[in-house]
Amino acid sequence: MCGECCVCYKMSIHEILCCVSDFSKISNQMLRPLVFCGPSGSGKSTLVKRLMNDFPDKFGFTVSHTTRSPRPGEIHGKHYYFTDERTIRQAIEKGEFIEHAVFSSNIYGTSFEAVESITRQGKVVLMDIDMQGVRQVKKTNLNPWCVFVQPPSITELRKRLLKRKTESEESLERRIANAREEIAFGLQARNFDKVIVNDNLDKAYKELKDFVEDKVLGSRITLM
Ligand SMILES: Nc1ncnc2c1ncn2[C@@H]1O[C@H](COP(=O)(O)OP(=O)(O)OP(=O)(O)O)[C@@H](O)[C@H]1O
């Protein structure tokens with residue numbers, strides 16, 4: 001801001017914008033990341049995909065690091081940064097990660113660099129993280145909007161995971177066991193800004209879109 005900004009409250013919006021030498025940079029800093037959390041199979045990726053289709057220029061999805069093996073078709077740098085345990089642990093120790101979590105015996109994490117590369121493009125950062133990650137992100141100064149995607153029931157969650165055909169019997173059971181704890185966390189007051197029950201996909205997506213248009217993209221103008 002310029003040296004006269006102590007009187008900004010008396011200025012018109014136009015004048016305020018004119019006195020900010022690098023408004024786009026400051027405006028981008030004001031964009032709060034949008035964090036998705038929910039049990040595996042609750043539909044986070046499905047909802048995020050629709051959101052990205054509807055708002056192709058507004059969001060950038062952070063690419064997480066993981067020590068798990070790539071699934072068929074997954075591309076390094078696009079779906080995940082595939083890494084090994086020693087490398088990621090060293091980077092975490094150096095403070096290069098915003099959040100990390102161990103899930104199904106693998107480490108997952110989001111690096112500061114992954115977030116910054118999205119912000120540099122002037123986009124809202126999208127993150128898909130588990131509840132340990134949500135706790136960690138909330139401790140940073142990123143001030144995220146947090147959305148919890150809730151499955152309609154454990155029975156339906158199991159059906160969807162079976163139908164997706166990505167899990168072994170063992171990993172399916174682990175995911176279901178985690179889901180119970182995650183749902184309790186999701187429904188705990190104040191953990192999330194929005195809880196979406198993903199029963200009917202169109203209805204769930206409409207709820208998400210309304211929230212995004214109203215709060216997340218609306219938050220761009222909080223500077224004024
Ligand atoms: N409302 C819905 N009704 C029926 N099936 C759904 C619905 N939403 C998502 N699905 C299906 O459920 C499966 C799990 O969804 P998705 O992969 O989006 O979950 P996820 O939360 O991203 O899981 P993960 O955390 O394991 O990546 C997918 O096959 C998806 O097509």
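Quick caveat, the model's predicted, so the values are computed rather than measured.

Enquirer: Please provide a residue-by-residue account of the pattern of salt bridges, values included.
Expert: For the coordinates displayed, the defined rule picks out 14 salt bridges. The shortest N-O distance in the salt bridge between Arg71 and Glu167 comes to 3.8 Å. Of this pair, Arg71 sits in the loop between strand 3 (64–66) and strand 4 (80–82) while Glu167 sits in the loop between helix 7 (154–164) and helix 8 (169–187), and the two are 96 residues apart along the sequence. What makes Arg71 partly exposed here is its relative accessible area of 26%. For Arg160, the salt bridge identified is with Glu156, shortest N-O distance 2.9 Å. Highlighted residues: Arg160 and Glu156, both in helix 7, separated by four residues, approximately one helical turn. Beyond isolated ion pairs, a larger network of salt bridges with shared partners links Arg71, Arg164, Glu167 and Arg175.

Enquirer: Run through the pairing of strand 8 (residues 145–150), naming residues and quoting values.
Expert: Counting buried positions along strand 8 gives six out of six residues, so the element sits mostly inside the fold. Along strand 8, one buried face is formed by Trp145, Val147 and Val149 and the opposite face, lined by Cys146, Phe148 and Gln150, is buried too. Note that strand 8 and strand 9 (residues 194–197) share four bridges and pair parallel. For Val147, the partnering residue across the bridge sits in strand 9 and is Lys194.

Enquirer: So what about the nonpolar core? Which residues, and what values?
Expert: Counting residues in each nonpolar core, the largest one holds 22 residues, and the members touching the most others are Val35, Cys37, Met127, Ile129, Val134, Val137 and Phe192. Contributing elements (two or more residues each) for this core: strand 1 (34–37), helix 5 (112–119), strand 7 (124–128), helix 6 (131–139), strand 8, helix 7 and helix 8. Here this core takes five residues from helix 8, the largest share from any one element. Once residues within four sequence positions are removed from consideration, Cys37 is found in contact with Lys44, Ile129, Asp130, Met131, Val134, Val147, Phe148, Val149 and Phe192. By size, the runner-up hydrophobic cluster in this structure holds 21 residues, among which are Leu47, Phe55, Leu126 and Ala204.

Here is what the cut-offs are and how they apply
- Residues numbered from 1 in each chain as written.
- Predicted model: local features only at pLDDT ≥ 70, side-chain atom pairs only at ≥ 80, totals over all residues.
- Heavy atoms only, no water.
- Salt bridge = Lys/Arg side-chain N within 4 Å of Asp/Glu carboxyl O.
- Helix = DSSP H or I, 4+ residues; strand = E, 2+ residues; numbered from the N terminus.
- Buried < 20%, exposed > 50% of the residue type's maximum accessible area, 1.4 Å probe, protein only.
- Pairing = 2+ DSSP bridges.
- Core = buried A, V, L, I, M, F, W, Y, C linked by side-chain atoms within 4.5 Å.
- Contact = heavy atoms within 4.5 Å.

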